[in-house]
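If you want the building blocks of each chain, they are given just below.
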Amino acid sequence: MEFQRDGGIARIFLNRPQKVNALDSAMLDALAAAFAKAGDEGVRVVVLAGRGNAFCGGADVRELEALDAESARAFITRVHRACEAARKLPVPVVARLHGAVIGAGLELAAACDLRIAATGTRFAMPEVRLGIPSVVEAALLPRLMGAGRAAWLVLTGEPIDAARAYDWGLVEEVCPEADLDRTVARALDSLMAGDAAALRMQKELLQAWQELPLAASVALSIERFSQAYTISRAKASKEH
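Structure report, in brief. All values reported here derive from a predicted model rather than from experimental measurement. (Residues numbered from 1 in each chain as written. Predicted model: local features only at pLDDT ≥ 70, side-chain atom pairs only at ≥ 80, totals over all residues. Heavy atoms only, no water.)

What follows concerns the packing of helix α1 (residues 25-37) against helix α3 (residues 69-88). Contact pair α1 / α3: the axes reach a minimum separation of 9 Å and the direction vectors enclose 20°. On the basis of their axis angle, the class for α1 and α3 is roughly parallel. Relative to α3, α1 is oriented so that their crossing is left-handed. Between α1 and α3, the residues in contact are Ser25, Leu28, Asp29, Leu31, Ala32 and Phe35 and Phe75, Arg78, Val79, Arg81, Ala82, Ala85 and Ala86, respectively. For the contact of α1 with α3, the class distribution of residues is 9 nonpolar, 1 polar and 3 charged. (Axes fitted to C-alpha atoms, helices over the stretch in contact; angles between N-to-C directions. Helix = DSSP H or I, 4+ residues; strand = E, 2+ residues; numbered from the N terminus. Parallel < 35°, antiparallel > 145°, perpendicular 65-115°, else oblique. Left-handed = near helix turned anticlockwise from the far one by under 90°. Contact = heavy atoms within 4.5 Å. Nonpolar A, V, L, I, M, F, W, Y, C, P; charged D, E, K, R; others polar.)

Next comes the structure, spelled out in structure tokens:
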């Protein structure tokens, strides 16, 4: 795992390119720790990317083959904890996607707030072809894409290209790979232009809108709207 910090922007790189950034237990633990490190108050946005020719080729096949029922539970819980760490970060997380985004790698991308993909990127959830179901943060896919499209991915195991991923709502933007860094940079500029406290509240509310009943989501929104004025008044009084 590689962690970089430049002012308010933190970058986390899956850095196992010789294994297509396949996720083993050690890498998953390191990823959760990197997200925890990115929770520093000075960080305003996080970018998750992969070194080498792909974002992530999924869970490490050798480790999967060695699992039994008990160790399988421990391993998939690690996958969940890494994904949950991205979701629980109080700031937006942008996934920079290229090459392959497979299985647990796609679950990780789904756990981010925004996804930007190079045109040649392939997306797949092939677990059923390996004798296991897609689980944990694969549960986010129906929320992103709709039930039928998510069902196509997890039931057929067939890959889709970046254009279809964009059409289906799985990614927010697609660009040529040569423009990927510039496209991500433009997204970061837009995020950094927002008020830091308001952006943190907005991420919290986005997740609440996904997970809470409508009445509870609206009630929390009212509280955060009021809180925003308390923060802005306090900031104004300090400036004067």
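Turning to the pattern of salt bridges, a few remarks are in order. As enumerated under the stated definition, the model contains 11 salt bridges in all. For the salt bridge of aspartate 29 with arginine 78, the shortest nitrogen-to-oxygen distance reads 3.0 Å. Placement of aspartate 29 in helix α1 and of arginine 78 in helix α3 is noted, with a sequence separation of 49 residues between them. The salt bridge partner of glutamate 172 is arginine 115, with a shortest N-O separation of 3.5 Å. With a gap of 57 residues between them, glutamate 172 in the loop between α7 (162-167) and β9 (173-175) and arginine 115 in strand β6 (residues 114-118) connect regions that are remote in the sequence. (Salt bridge = Lys/Arg side-chain N within 4 Å of Asp/Glu carboxyl O.)

As a further point, take the layout of surface pockets. Approximately 470 Å³ is the volume found for the largest pocket. For the largest pocket, the lining is made up of 21 residues, of which Ala59, Leu64, Glu127, Leu130 and Ile132 are closest to its centre. Listing elements by their share of the lining of the largest pocket, those giving two or more residues are α2 (61-65), α3 and α4 (104-110). In terms of residue count, α3 provides more of the lining of the largest pocket than any other element does, 4 residues in total. In terms of residue class, the lining of the largest pocket is made up of 15 nonpolar, 3 polar and 3 charged. As a volume, the second largest pocket reaches approximately 290 Å³. Every element with two or more residues in the lining of the second largest pocket is listed here: β6 and α9 (196-211). A total of 6 residues in the lining of the second largest pocket trace back to one element, the largest contributor, which is α9. Taken together, the residues of the lining of the second largest pocket break down into 10 nonpolar, 3 polar and 4 charged. (1 Å grid on protein atoms, 1.4 Å probe; cavity = no way out; pocket = protein on both sides within 12 Å on 5 of 7 lines; lining within 4 Å. Points joined across faces, edges and corners; volume = space filled by probe spheres on them.)

Glancing now at the nonpolar core. Formed by 50 residues in total, the largest nonpolar core has its most connected members in Phe35, Val46, Leu48 and Phe123. If you tally residues by element for this core, the top one is α3, at 6 residues. Setting aside residues no more than four positions away along its own chain, phenylalanine 35 makes contact with Ile12, Val46, Leu48, Ala82, Ala85, Ala86, Leu89, Val93 and Leu108. Judged by nonpolar contacts, the second largest core, of 12 residues, contains Val94, Cys175, Leu188 and Leu191. (Core = buried A, V, L, I, M, F, W, Y, C linked by side-chain atoms within 4.5 Å. Buried < 20%, exposed > 50% of the residue type's maximum accessible area, 1.4 Å probe, protein only.)

Turning next to the state of the cysteines. Using the criterion set out here, one finds 0 disulfides in the structure. Looking at the unpaired cysteine 83, the closest cysteine sulfur is the one in cysteine 112, lying at 8.4 Å. Just so you know, cysteine 175 is unpaired, no disulfide at all, and the nearest cysteine sulfur is the one on cysteine 112, 16 Å from it. (Disulfide = S-S within 2.5 Å.)

Looking now at the sheet that holds strand β1 (residues 2-6). The pairing of strands in a sheet comes from backbone hydrogen bonds and takes either a parallel or an antiparallel form. Read across the sheet, 6 strands follow the order β1-β2-β3-β4-β6-β9 without closing on themselves; strand pairing throughout is mixed. Lying at the two open borders of the sheet, with one neighbouring strand each, are β1 and β9. Within this sheet the neighbouring strands show an average axis-to-axis angle of 20°, counted without direction. Contacts from helix α8 (residues 180-192) reach β2 (9-14), β3 (45-50), β4 (93-97), β6 and β9 within the one sheet, and its direction differs from that of β6 by about 160°. (Pairing = 2+ DSSP bridges.)

Residue position: aspartate 161 is located in strand β8 (residues 160-161). Aspartate 161 sits in the partly exposed class, given a relative accessible area of 34%. For the pair aspartate 161 and phenylalanine 123, spaced 38 residues apart in sequence, the C-alpha separation works out to 6.3 Å. If near-sequence neighbours (up to four positions away) are discounted, aspartate 161 is found in contact with Thr121, Arg122 and Phe123. A distance of 2.8 Å separates the side chain of aspartate 161 from the backbone nitrogen of arginine 164, its partner in a polar contact. (Polar contact = N/O pair within 3.5 Å; in protein donor to acceptor, adjacent residues only side chain to side chain.)

Enumeration over the complete set of coordinates arrives at 1 aromatic pair. Measuring from ring centre to ring centre gives 5.4 Å for phenylalanine 225 and tyrosine 229, while their planes differ by 55°; the resulting arrangement is tilted. Taken together, the positions of phenylalanine 225 and tyrosine 229, both in helix α10 (residues 214-239) and 4 residues apart, correspond to about one turn of that helix. Sitting over the ring of phenylalanine 13, arginine 51 keeps its end group 3.7 Å from the ring centre. (Phe/Tyr/Trp six-rings, centres within 6.5 Å; stacked < 30°, edge-to-face > 60°. Lys NZ or Arg CZ within 6 Å of the ring centre and 35° of its normal.)

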